[in-house]
Each structure stands twice: as C-alpha cells, then as structure tokens.
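Summary of structural features
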Amino acid sequence: MSLLIAPSILSADFARLGDAIAAAERGGADLIHVDVMDGHFVPDITIGPPVVRSIKRVTHVPLDVHLMITDPDRYIEAFADAGAAMISVHVEVLPHLHRTVHAIQALGAKAGVVLNPSTPVVALEQIAGDVDFVLVMSVNPGFGGQTFIPHSESKVREVRAMLDRAGNSASVEIDGGIDQQNVGRVVAAGARIIVAGSAIFHAPDTERATRELKAAALGALPSPAVPR
Ligand code: DX5
Ligand code: ZN
C-alpha cells in the first residue's frame, strides 16, 4: 500500500530552495508539493512556471503542483512543460472540471481535484471515476502554518468512500495543518498523500522532521491481513 509524504516548500526559505528540497529528500520525501498562488483565488502570490522549471532540475522525486489560481486552464500546459508530474485544480473555480481534468491528463500529468473546507464532497460525484487523486484541504488555502480543521478527517473518509463507489483506486491527499500529532488520524481515515509545510520546513532539522512524519504516517497504516 503506498503512502507518500509531500513536503510543501511554501514554508521553506525561498532563497535556499535547493537545499531545503535536498534535506526533505534525504528524510524520505516521496513528492515535493509546490503551492502556486495568484493573489486572486487566495490573497498571496507565490511562484510560477519558471521557478517550477528550476526546482525540477534539482529534485529527484515528482513535483506535485497545487494550483490556487482563478484560471488554471490558462496555465496547466505551462506547469506541465515546466515539469509538474501532478497538477491539482480547485473545484470552486472550474465550471468545466471534467474538461480540465482530461486536459491535464492529455499533457501527461496526473490530474487532481481540490476541495476547500466548505466545498461538499458531492461536488466531485460526477467525475469521481476520472480523477487521479483528490486533495482535501484541511485549512482554508492561502497560507502555511494554519490549524488543522478537525472536520477534515471525516471528509477524507467520505471522499475515500466516494472514490471506492466509483471503482477508482485514486489516492486521497490531505493538505493543511498536518503534523506529527494528527497525521496518524488522517492516515487512518484514508489519506495516502500527506502534505506538510511548517511541520517540515519550520522544524530545526528538515531531514529529521520528514523522516519522523513519515514514520508516524506509516505507523498508522492498517496492518495487512495475515494469510492463514
Ligand atoms: C496552503 C497550502 C499548503 C501549505 C501547508 O494554502 O496549500 O500546501 O503549504 O502548510 P502547513 O503544513 O504549514 O499547513
Ligand atoms: Zn498545497
């Protein structure tokens, strides 16, 4: 059973991104999560395709690009070209989500759809069979270092159940306020891609924080059935 740890570089020192990524990789990062913000969908402005292209050159694991922007259709090709292996888009800004998901896949990237805390799971019902992963936001997007919203745990269960009903083994990703204390609960609920920003890059030792978060997450996986 796969469980992936995806450190979010939003909380890293942007002047030393290469070093931050290397430390996270030494600690066992399976993906690097890149938060793209446009100053419209969320208040802040972060990074765009040229930075993703540079990060791609120094990163050994796939890039998981989370687009918190109002018009993702205009930019998915640029991010795929820059090296994004996974691209996720917010349901809240996309009236033609089915088209966008297939456009991402046609570019050779895995397509993820993201639910804000106030967006109901049913918003994905009709495309549950098409997505490569679903990202459940466990904080309101826009900033690192916020507190985990407890309701997100049951939402992960609900998304998992919806994907199962659709016959889709796509992973559920969780993003926002994840740390050593709560990671076990979200894994037990069914999350299999774990994003963490401040718990990794604001820790005194990035490599160690990554390793410890991963160990805590793996420890919460249901034990495999023992064959008799
Ligand atoms: C929030 C971003 C997150 C953020 C998580 O809008 O999508 O990826 O970096 O940071 P922490 O783990 O500090 O909540
Ligand atoms: Zn994110």
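Note that the structure is predicted; figures quoted are calculated from it, not measured. (Residues numbered from 1 in each chain as written. Chains lettered and ligands numbered in written order. Predicted model: local features only at pLDDT ≥ 70, side-chain atom pairs only at ≥ 80, totals over all residues. Heavy atoms only, no water.)

Side note on the coordination of the zinc ion (ligand 2)
For the zinc ion (ligand 2), the protein coordination sphere consists of His33 (NE2), Asp35 (OD), His66 (ND1) and Asp175 (OD), at 2.0 to 2.3 Å. All donors to the zinc ion (ligand 2) come from one chain, and their sequence spacing reads H-x1-D-x30-H-x108-D. Note that His66 is positioned in strand β3 (residues 63–68) and Asp175 in strand β7 (residues 171–175), a separation of 109 residues in sequence. (Donors = N, O, S within 2.8 Å, 3.2 Å for Na, K, Ca; no water. Helix = DSSP H or I, 4+ residues; strand = E, 2+ residues; numbered from the N terminus.)

Considering the site of ligand 1
Taken together, 20 residues lie near ligand 1, and Ser8, Asp35, Gly142, Asp175 and Ser198 sit nearest. The side chain of His33 places a nitrogen or oxygen atom 3.4 Å from an oxygen atom of ligand 1. Between an oxygen atom of ligand 1 and a main-chain N or O atom of Gly197, the distance comes to 2.8 Å. For ligand 1, whose unbound accessible area comes to 380 Å², protein coverage reaches 100%. When residues of the shell around ligand 1 are assigned to their parent elements, the largest contribution, three residues, is made by strand β2 (residues 32–37). Of the residues assigned to the shell around ligand 1, the class counts are eight nonpolar, 10 polar and two charged. (Near = heavy atom within 4 Å. Polar contact = N/O pair within 3.5 Å; in protein donor to acceptor, adjacent residues only side chain to side chain. Areas by Shrake-Rupley, 256 points an atom, 1.4 Å probe, with all protein chains shown as cover. Nonpolar A, V, L, I, M, F, W, Y, C, P; charged D, E, K, R; others polar.)

Focus: helix α4 (residues 97–106)
Turning to α4, its buried residues number three or more, namely Leu97, Thr100, Val101 and Ile104. Here the buried residues of α4 occupy an arc of 100° about the axis, which is enough to place them on one side. Away from its buried face by more than 90 degrees, α4 exposes Arg99 and Ala106. Residues of α4 that are buried make contact with α3 (76–82), β4 (84–90) and β5 (110–115). Directly after α4, the chain includes Gly108, whose backbone phi takes a positive value near 90°. (Buried < 20%, exposed > 50% of the residue type's maximum accessible area, 1.4 Å probe, protein only. Arc of directions from axis to C-beta. Contact = heavy atoms within 4.5 Å.)

Digging into helix α8 (residues 206–219)
Taking 1.5 Å of rise per residue, 14 residues should cover 20 Å, and α8 covers 20 Å from first to last C-alpha, within 8% of that figure. Considered for burial, the residues of α8 that qualify are Thr206, Ala209, Thr210, Leu213, Lys214 and Ala217. An end-on view of α8 places all buried positions within 130° of arc, on one side of the element. On its buried face, α8 sits against β1 (4–7), α1 (17–26), α6 (183–189), β8 (191–196) and α7 (198–201). (Expected span 1.5 Å × (residues − 1).)

As for the sheet that holds β3
Strand order in the open sheet made by the eight strands is β1-β8-β7-β6-β5-β4-β3-β2, with parallel pairing throughout. Of all the strands in the sheet, just β1 and β2 have a single pairing partner and so form its edges. The average angle at which neighbouring strand axes cross in this sheet is 25°, direction not considered. Looking at chain direction, β3 and β4 are connected through five bridges and run parallel. Bridged to Leu63 within β4 is Ala84. Each of β1 and β8 is contacted by α8, which is oriented at about 145° to β1, the strand it contacts most. (Pairing = 2+ DSSP bridges. Axes fitted to C-alpha atoms, helices over the stretch in contact; angles between N-to-C directions.)

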